[in-house]
Amino acid sequence: MNQAALHKLVSNRLNVKTPKALFDLRLSTNLSLIQQLFFSLYPVDKHSKDFDKLLKLLPKLYALRPDELQRQDLERLEAESWYQNENIVGMQLYVENFNKDLKGLHKKISYFKDLGVNFIHIMPITTRPKGESDGGYAVNSYLKVDKKYGSQEDLLKLTSAFRKHGILLMLDFVVNHTSDEYPWAKKAKKGEQKYLDYYYTFEDRTIPDAFEKVLPEVFPETSPGNFTYIPEMDRWVMTVFNSYQWDLNYTNPEVFMAMLTNLVKMVNLGVDVVRFDALAFLWKKIGTISQNLPEAHNLVSLFRMCLQVVAPGTIFLAEAIVAPKDIIKYFGEGPKLGNECEVAYNASLMALLWNSIATKKTGLLYKSLTEVPAKPKECTWINYIRCHDDIGLGYDDSFIREMGWNPQQHRKFLLDYYCQRLDWSPAKGLLFMYNPKTGDGRITGSAASLLGLESALESGHKDLLENAISKINLLHGIILSFGGIPMIYAGDEIATLNDYSYSKDSSKSGDSRWVNRPQQDWSVVKKLGNGDLPQSKVYHTLKHLISVRKANPVLADTNNLVLHQSGNSHMLVFERTQDAKKGIIVICNFDENPQVIDSGWLMKLGYFTKGNPKDLVTDKKIDVKSGLLELQPYQMIWLKKS
Ligand code: GLC
């Protein structure tokens, strides 16, 4: 039982009802964990006064919580694990690319409703440096809306409209670093000791060199190394991401408390889900790669436990794009189980799906997914195929070897397949952060272009076009049914192709992730009534599948996923079950040729009790010949137990 469940239990037993009394109860329920986590990071002999400060801070932060959000907090506490509901379908978007600004976004609520989307991840909208800003992930403020998006009033109006329409909002909390123009950084540049201590700054290269021995590079092409020399202060600053993103020094408890304050003020704008950006990097230690360290987990859990006391209706998403066995740890382990992040990106599934498309086989996917330990029951995934970032090839080398492949050569094949280095590949992606020394690289590109739509439209080849559309629908269908919250990347619902215009903008040209950050094409949306367009085929299938998802509570995430081995290496088969009578089975063909599976075991699972069942994707009865079920190239079917 996690802390949120304990709060519900204790408050119901003691019949505590008023918001303030509930706050006190949450504080006392979480206090020993908060204390333990705090002193694990900030030793008690030096920091007992800092702990007192934190205890005084929490009620002050609670007093800032608007009444309306407090009421919502209490409803969510009662509802428990509300984020696992089958009703939630997400979309990630850049405000400026979607419909100009926050007011423009407000006008598009009906678009979300039409598609069935009710959870929006808005990319960073606060002030940032002019020129390069890593798409706003270099923050000049955690609260002040950049005027190109509108004002704070526009944001408040939008969040209030979202609440009225039952739409959830996710914003990023860029917790690992600020920009070099953030007020703390500016004061540090002036030599103010208090703020020098907010970052990792060094007067010479001794410590940076010691770190560099094992620290990997996040952006080796554009921002090599992990430290930047700042002439104004004649010091080296730790900058793990870009040179203008200064890493915050969380060994200083003041930084934690100042950031907690920023976090609370941010969620009070009406944020339901906090995307905890780059959280794997939060703690640094010489001699380690300074990712996923136990202290980073304790720190995330400390943020979580404090925010839960102040604003319990908000939850955390772990943005940890790390190895599968490391991602799962962000749900918490031991006493932190279920008390760290409620949601995590299923980056493993995402990368494995791209591997299956390129290899047309699902073996690596099965191997990797079956080896990952089960997640805590209160936690869930965000399942996605594309986002604003690149696709990293973070597979487990040992699994690649078990497939009989050489890990390095296999990764090279994937880069070749997706980045236009193989004549026969339909994919049109770009290389990202390629390191010729190691051969490592990542992939950028829109889902539609990576899945062959761009090249199919260029060649005018009908089969290629059909394949591309089927692949887009296949991957979307999987994220809608796999278990967790599906997150559609804006533009993918209308099969948007790569946007090459970034190469003409000097603030973007060095970063090929901009190829997959296109403008929303509203002229295409206007034409969706024409069912023959590839974009319409994608949009209407997606819309239909969203409605099927919402009509089937078995698709809520209750850790009810069963992976089935079908005996066909091109197929992925998984089932979502509730009890012996309820279930949905999803069968996917990753091959460019038709593939068959034996329908006998599907019968045994209970899918044919009333004759041949209907495929929920097409609403047509499936055909079984001589005991074999045949799927067309890249076809996916969803069957329901009846
Ligand atoms: C996250 C974001 C990415 C950004 C990085 C640094 O990984 O998704 O776009 O570059 O954090 O903030």
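Refer to the structure presented above.
Presented here is a report on the structure given in the accompanying data block. (Residues numbered from 1 in each chain as written. Predicted model: local features only at pLDDT ≥ 70, side-chain atom pairs only at ≥ 80, totals over all residues. Heavy atoms only, no water.)

### So, the overall build of the chain
A count of helices and strands for the chain gives 24 helices and 24 strands. For the chain, whose C-alpha radius of gyration is 25 Å, the value lies close to the compact-globule estimate of 26 Å for 642 residues. Counting only C-alpha atoms, the chain reaches 75 × 60 × 50 Å along its principal axes. When the 642 residues of the chain are sorted by exposure, 62% land in the buried category. Restricting the contact set of the chain to residue pairs at least 6 apart, pairs at least 24 apart contribute 70%. (Helix = DSSP H or I, 4+ residues; strand = E, 2+ residues; numbered from the N terminus. Rg over C-alpha atoms; globule rule 2.2 N^0.38 Å. Buried < 20%, exposed > 50% of the residue type's maximum accessible area, 1.4 Å probe, protein only. Contact = heavy atoms within 4.5 Å.)

### Some points on the nonpolar core
Counting 215 residues, the largest nonpolar core has Leu-54, Tyr-250, Phe-256, Phe-276, Phe-303, Ile-587 and Trp-638 as its most contacted members. Excluding anything up to four places from it in sequence, Phe-276 contacts Phe-173, Val-175, Leu-263, Leu-282, Val-300, Phe-303, Phe-316, Leu-317, Ala-318 and Glu-319. (Core = buried A, V, L, I, M, F, W, Y, C linked by side-chain atoms within 4.5 Å.)

### So, the sheet that holds strand 23 (residues 628–631)
Taken in spatial order, the three strands line up as 19-23-22 in an open sheet, and their pairing is antiparallel. If you trace the sheet from one side to the other, it starts and ends with strand 19 (595–598) and strand 22 (624–625), each paired once. Pairing of strand 22 with strand 23, which is carried by two bridges, proceeds in the antiparallel orientation. In the strand pairing of strand 23, Lys-625 is matched with Leu-628. (Pairing = 2+ DSSP bridges.)

### Quick look at the site of the ligand
Taken together, Asp-134, Tyr-137, His-177, Phe-219, Phe-241, Gln-245, Arg-275, Asp-277, Glu-319, His-388, Asp-389 and Arg-513 are the residues near the ligand. Out of a free accessible area of 310 Å², the ligand has 95% covered by protein chains. The residue inventory of the shell around the ligand, partitioned by class, reads three nonpolar, three polar and six charged. (Near = heavy atom within 4 Å. Areas by Shrake-Rupley, 256 points an atom, 1.4 Å probe, with all protein chains shown as cover. Nonpolar A, V, L, I, M, F, W, Y, C, P; charged D, E, K, R; others polar.)

### Side note on the sheet that holds strand 2 (residues 119–122)
Here we have eight strands rolled up into a closed barrel, ordered 1-2-3-9-10-11-12-15, and parallel in their pairing. For this sheet, the mean angle separating the axes of adjacent strands, direction not counted, is 25 degrees. The pairing of strand 11 (residues 343–345) with strand 12 (residues 380–384) spans three bridges and is parallel. Looking at the pairing, Ala-344 lines up with Trp-381 of strand 12. Strands in contact with helix 12 (residues 253–267) are strand 3 (168–173), strand 9 (273–276) and strand 10 (315–318); relative to strand 3, the strand with the most contacts, it is inclined by about 155 degrees. (Axes fitted to C-alpha atoms, helices over the stretch in contact; angles between N-to-C directions.)

### Concerning the packing of aromatic side chains
Counted under the stated rule, the structure contains 38 aromatic pairs. Between the aromatic rings of Phe-241 and Phe-281, the centroid separation amounts to 4.8 Å while the plane-to-plane angle is 65 degrees, which identifies the pairing as edge-to-face. Highlighted residues: Phe-241 in the loop between strand 7 (235–238) and strand 8 (245–247) and Phe-281 in the loop between strand 9 and helix 13 (294–310), separated in sequence by 40 residues. The class of Phe-241 is buried, set by a relative accessible area of 10%. Clustering of aromatic rings is evident, with ring pairs tying together Tyr-142, Phe-173, Tyr-182, Trp-184, Tyr-195, Tyr-198, Tyr-250, Phe-256, Phe-276, Phe-303 and Phe-316. The ring of Phe-316 carries the charged tip of Arg-304 above its face, separated from the ring centre by 4.7 Å. (Phe/Tyr/Trp six-rings, centres within 6.5 Å; stacked < 30°, edge-to-face > 60°. Lys NZ or Arg CZ within 6 Å of the ring centre and 35° of its normal.)

### Considering unusual backbone geometry
Among all residues except glycine, the phi angle is most often negative; among peptide bonds, the trans geometry is most common. Of note in this structure, Asn-15 is not a glycine but carries a positive phi near 55 degrees. Following the sequence through the fold, Asn-15 ends up in the loop between helix 1 (3–14) and helix 2 (19–41). Judged by its relative accessible area of 52%, Asn-15 is exposed. In this model, Lys-100 sits at a positive phi of 75 degrees, which is unusual for a non-glycine residue.

### What about the pattern of salt bridges?
For the structure on display, the rule yields 39 salt bridges. A salt bridge links Lys-100 to Asp-101; the nearest nitrogen and oxygen atoms lie 3.9 Å apart. (Salt bridge = Lys/Arg side-chain N within 4 Å of Asp/Glu carboxyl O.)

### A closer look at the environment of Pro-312
For Pro-312, the position within the fold is in the loop between helix 13 and strand 10. Using a relative accessible area of 11% as the deciding quantity, one classes Pro-312 as buried. Separated by 185 residues in the primary sequence, Pro-312 and Thr-127 have C-alpha atoms spaced 27 Å apart. Excluding its chain neighbours within four sequence positions, the residues that come into contact with Pro-312 are Arg-26, Asp-73, Leu-77 and Leu-307.

### Considering the environment of His-570
As for its position among the elements, His-570 is in the loop between strand 16 (561–564) and strand 17 (571–577). Of the residues examined, His-570 reaches a relative accessible area of 16% and is grouped as buried. Put simply, His-570 and Ser-398 are 172 residues apart on the chain and 21 Å apart in space, counted from C-alpha to C-alpha.

### Some points on the pairing of strand 23
Side chains Leu-629 and Leu-631 project from strand 23 onto a buried face, and the interleaved Leu-628 and Glu-630 project onto a face without burial. Taken together, the four bridges between strand 19 and strand 23 define a ladder with antiparallel strand orientation. When the sheet's bridge partners are listed, Ile-597 is paired in strand 23 with Leu-629. A loop of two residues connects strand 22 with strand 23, the two strands running antiparallel in sequence, and Ser-626 in this loop sits at a positive phi of about 50 degrees.

### Details of helix 1
When the terminal C-alpha atoms of helix 1 are compared, their 16 Å separation across twelve residues agrees well with the 16 Å that a helix rising 1.5 Å per residue should span. Burial in helix 1 covers these residues: Gln-3, Ala-5, His-7 and Ser-11. Buried residues along helix 1 sit in contact with helix 2, helix 4 (67–79) and helix 13. After helix 1 finishes, the residue Asn-15 shows a positive phi value of roughly 55 degrees. (Expected span 1.5 Å × (residues − 1).)

Any functional reading would require information that these geometric values do not contain.
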